[in-house]
Amino acid sequence: MEALQYIKSKAVLLPLENVDTDQIIPARFLKGTTRQGFGENLFRDWRFDELGNPKKDFVLNQQEGSKILVASKNFGCGSSREHAAWAIYDYGFRVVVSSFFADIFKNNALNNGLLPVQVSNSFLDTLFRRLRINKEEELEVDLEQQTMTIASSGEKEKFDISAYKKHCLLNGLDDIDFLLSRKSAIQAFEENYELTSL
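For the structure given in this document, a descriptive report is provided here. (Residues numbered from 1 in each chain as written. Predicted model: local features only at pLDDT ≥ 70, side-chain atom pairs only at ≥ 80, totals over all residues. Heavy atoms only, no water.)

## Observations concerning helix H6 (residues 163-171)
No. 1: For H6, the complete set of buried residues consists of Lys165, Lys166, Cys168, Leu169 and Leu170.
No. 2: Next to the buried residues of H6 lie helix H4 (103-111), strand E4 (115-118) and helix H7 (175-181).
No. 3: Residue glycine 172 follows H6 closely and has a positive phi angle near 65°. (Buried < 20%, exposed > 50% of the residue type's maximum accessible area, 1.4 Å probe, protein only. Helix = DSSP H or I, 4+ residues; strand = E, 2+ residues; numbered from the N terminus. Contact = heavy atoms within 4.5 Å.)

## A look at helix H5 (residues 121-133)
No. 1: The end-to-end C-alpha distance of H5, which contains 13 residues, comes to 19 Å, matching closely the 18 Å that a straight helix rising 1.5 Å per residue would cover.
No. 2: For H5, the full list of buried residues reads Phe123, Leu124, Thr126, Leu127, Phe128 and Leu131.
No. 3: On the buried face of H5, the contacting elements are strand E1 (6-14), strand E2 (68-71), strand E3 (95-98), strand E5 (138-142), strand E6 (147-150) and strand E7 (156-158). (Expected span 1.5 Å × (residues − 1).)

## Some points on the environment of leucine 127
No. 1: When you line up the elements, leucine 127 lands in helix H5.
No. 2: Sequence separation of leucine 127 and serine 162 is 35 residues, and the distance between their C-alpha atoms is 24 Å.
No. 3: Setting aside anything within four residues of it in sequence, one finds leucine 127 in contact with Val70, Val97, Leu139, Met148 and Ile150.

## Some thoughts on the pairing of E2
No. 1: Side-chain alternation along E2 places Ile68 and Val70 on one buried face and Leu69 and Ala71 on a second face that is also buried.
No. 2: Here 4 bridges tie E1 to E2, and the two strands are oriented parallel to one another. Pairing of leucine 13 across the sheet is with valine 70, part of E2.
No. 3: The sheet contact formed by E2 and E3 spans 3 bridges and is parallel. Within the sheet, the bridge partner assigned to leucine 69 lies in E3 and is valine 96. (Pairing = 2+ DSSP bridges.)

Okay, here's the thing in structure tokens:
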């Protein structure tokens with residue numbers, strides 16, 4: 001998993017509430033068993049028409065290369081499919097911002113190297129206002145400091161994340177990688193336990 005420590009990027013603004021996982025990655029595209037290749041079908045029914053032609057008015061067809069997706073409240077609701085996080089990550093986003101995330105989506109995102117930044121309603125409104133005025137506006141996400149900053153104005157807000165998931169993201173570790181990194185400590189504990197239990 002790619003380590004995530006600091007990102008400064010333009011952002012894609014998705015001003016829609018209650019975006020569910022079937023809208024993020026429609027069920028007909030869930031045949032793959034690896035994490036690769038899902039990005040091409042991210043928001044498929046919003047990005048393309050019935051003939052597969054890009055819809056010019058959809059935000060992902062207007063901006064490319066952004067690493068931050070700013071969405072409205074209740075992002076990632078609906079079914080628990082992990083593929084939603086895979087699709088967002090595979091497309092190139094590393095951070096998703098909302099004032100509220102569905103719990104299962106939030107956990108799936110964290111487990112797959114995607115940082116869900118939950119901000120207050122007022123700060124989300126500020127982000128929307130700034131990004132509507134200037135599509136070139138850059139946002140800064142500092143995971144170590146747990147802050148999101150609007151680069152041009154310096155407006156900033158802190159966000160919460162569990163210490164464990166923060167450590168994993170900063171170091172590019174999934175749960176298995178983390179356990180492997182603690183292998184010597186686990187072996188030492190086991191050896192000590194065996195000696196004291198005799």
